[in-house]
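Chain and residue survey
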Amino acid sequence: MQSSKRLKRAGLEMGLWAILLLDVLWWGTRVAAGAAICLFLLFYLVYRLEAVLDYRHSKHIRERMTVRKVRSIEEKYSRMDTFSSPEKRALGRTGLDRYFYYVRYEQVQALLNRFALDASRVLDMGCGFGKNTMYVAEQLKIGAVGLDLDEVKLAWAAGEAAKRGISNRVELICADAAFPPLRSGAFDCIVMTEVLEHQLDPGQGIAACQDLLTDNGFLIITVPSRHNLAYSNNPFVLIEKAISLVDDRVLPCYHNLHAESQYKRRNPEPEYAIHYNFSCQTLERMLDEAGFRMVLRGSFEMEIFPYLLVELLFHGELERMRSCVAPLERIITRLPAVGRLGQHLVYVARKKA
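The paragraphs below set out a description of the structure included in this document. Nothing here was measured: the structure is a model prediction, and the numbers come from that model. (Residues numbered from 1 in each chain as written. Predicted model: local features only at pLDDT ≥ 70, side-chain atom pairs only at ≥ 80, totals over all residues. Heavy atoms only, no water.)

**Concerning helix α2 (residues 31-64)**
Under the 1.5 Å per step criterion, the end-to-end length of α2 is 51 Å for 34 residues, consistent within 8% with the ideal 50 Å. Largest kink in α2: about 40°, centred on Ser58. Burial in α2 covers these residues: Ala33, Ala36, Phe40, Tyr44, Glu50, Ala51, Asp54, Ser58 and Arg62. (Helix = DSSP H or I, 4+ residues; strand = E, 2+ residues; numbered from the N terminus. Expected span 1.5 Å × (residues − 1). Bend = angle between axes of the 7 residues up to and from the residue. Buried < 20%, exposed > 50% of the residue type's maximum accessible area, 1.4 Å probe, protein only.)

Pasting the structure below:
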């Protein structure tokens, strides 16, 4: 359903582009081009209005949120059969989203190969089901600590570690990532993927990582991006996203809430946990204020129209989609500026000595 809706929207926008270009280059009436531009503007204004309304309607939920509430909501969903393992969570997604779900782990693990090889101890902060924790212990042969607020996910991770015979290299802790019960300077590398957006105070989460790292230790962090294109072909949205890389004040006020799906004012779900989206300016400022210097900046999971066509063509078959999407993704994410417009920001920062 989600894939169908976004494909229809993106297809409609591509149709408007075709009408606009045909009128400018061939028909010459300027009427069709003007109508296309007006429709683009109307769609853009509706998108901005919805963002403002969603922000206002979710305000009272955000203000009343507590760590205990976040824990209870996360555990509730983890106990559902469709959410009770990484594989089941992946199966609940559309083909393209499922592909990127697995690619996200590959991206992070490639960074672990690069920045954690010389580490004596690695912390997976907000480890969830512990996929990155297992990777560190099993593939890199390094002692790994996984910390998460959700006991249900940690129980699954403990069983998986035992099944793989790596329990002696894996330690799992149930705690708040903003206030971890761990010794200062105990880790050479911390990986924090898709965690910061769920914290009541993201700044405290980064400060905790800074405290736990040794001098010159690495922090590998990914967060949802406010610059993401969201498969839009609307020129006003594209201009907004391009400008936002220089000045994020052009973006609409945005704060969604997350449980099974993102906050929807028109069809709200009964329970939500915190879910921020970050601009690169915000994330870099937070890292700098916490005492980090940037080593690597980038993004991944480009939400562009051709990927939707690939999903439609291959009916969600992961390996066939990979054969088309992976090469294109490698090229696009390396382009200046354009490569910063993915759905997720990825940063590697080093603690200042």
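**Side note on a nonpolar patch on the surface**
Taken together, the side chains of Ile19, Leu21, Leu22, Val24, Leu25, Trp26 and Trp27 make up a nonpolar region of the molecular surface, amounting to roughly 780 Å² of accessible area. Structurally, the position occupied by Leu22 is in helix α1 (residues 2-27). (Patch = residues over 30% accessible without salt bridge, like charges linked within 9 Å, V, L, I, M, F, W, Y side chains within 5 Å. Areas by Shrake-Rupley, 256 points an atom, 1.4 Å probe, with all protein chains shown as cover. Salt bridge = Lys/Arg side-chain N within 4 Å of Asp/Glu carboxyl O.)

**Describing the sheet that holds strand β4 (residues 187-193)**
One open sheet holds the seven strands; their spatial order is β3-β2-β1-β4-β5-β9-β8, and the pairing between them is mixed. The open sheet has two edge strands, β3 (170-174) and β8 (292-300), and neither has a second partner. Put simply, the sheet's adjacent strands are angled 15° from each other on average, direction ignored. In the sheet, β8 pairs with strand β9 (residues 344-351) via eight bridges, with the strands oriented antiparallel. (Pairing = 2+ DSSP bridges. Axes fitted to C-alpha atoms, helices over the stretch in contact; angles between N-to-C directions.)

**Some thoughts on the pairing of β3**
The pairing of strand β2 (residues 143-148) with β3 spans five bridges and is parallel. Bridge pairing links Val145 to Glu171 in β3. What joins β2 to β3 is helix α7 (residues 151-164), and the crossover it makes is right-handed. (Right-handed = clockwise from strand over helix to strand, strands pointing away.)

**A short note on the nonpolar core**
With 32 residues, the main nonpolar core has Leu123, Met125, Ile190, Leu196, Leu219, Leu283 and Leu287 as its most contacted residues. Of all the secondary-structure elements, those providing two or more residues to this core are β1 (121-125), β2, β4, α8 (202-212), β5 (213-224), α10 (280-289), β8 and β9. Not counting residues up to four positions away in its chain, the partners in contact with Leu283 are Leu196, Ile206, Ile221, Val223, Leu345 and Tyr347. Counting 26 residues, the second-largest nonpolar core is a separate cluster that includes Val108, Phe115, Met134 and Ala137. (Core = buried A, V, L, I, M, F, W, Y, C linked by side-chain atoms within 4.5 Å. Contact = heavy atoms within 4.5 Å.)

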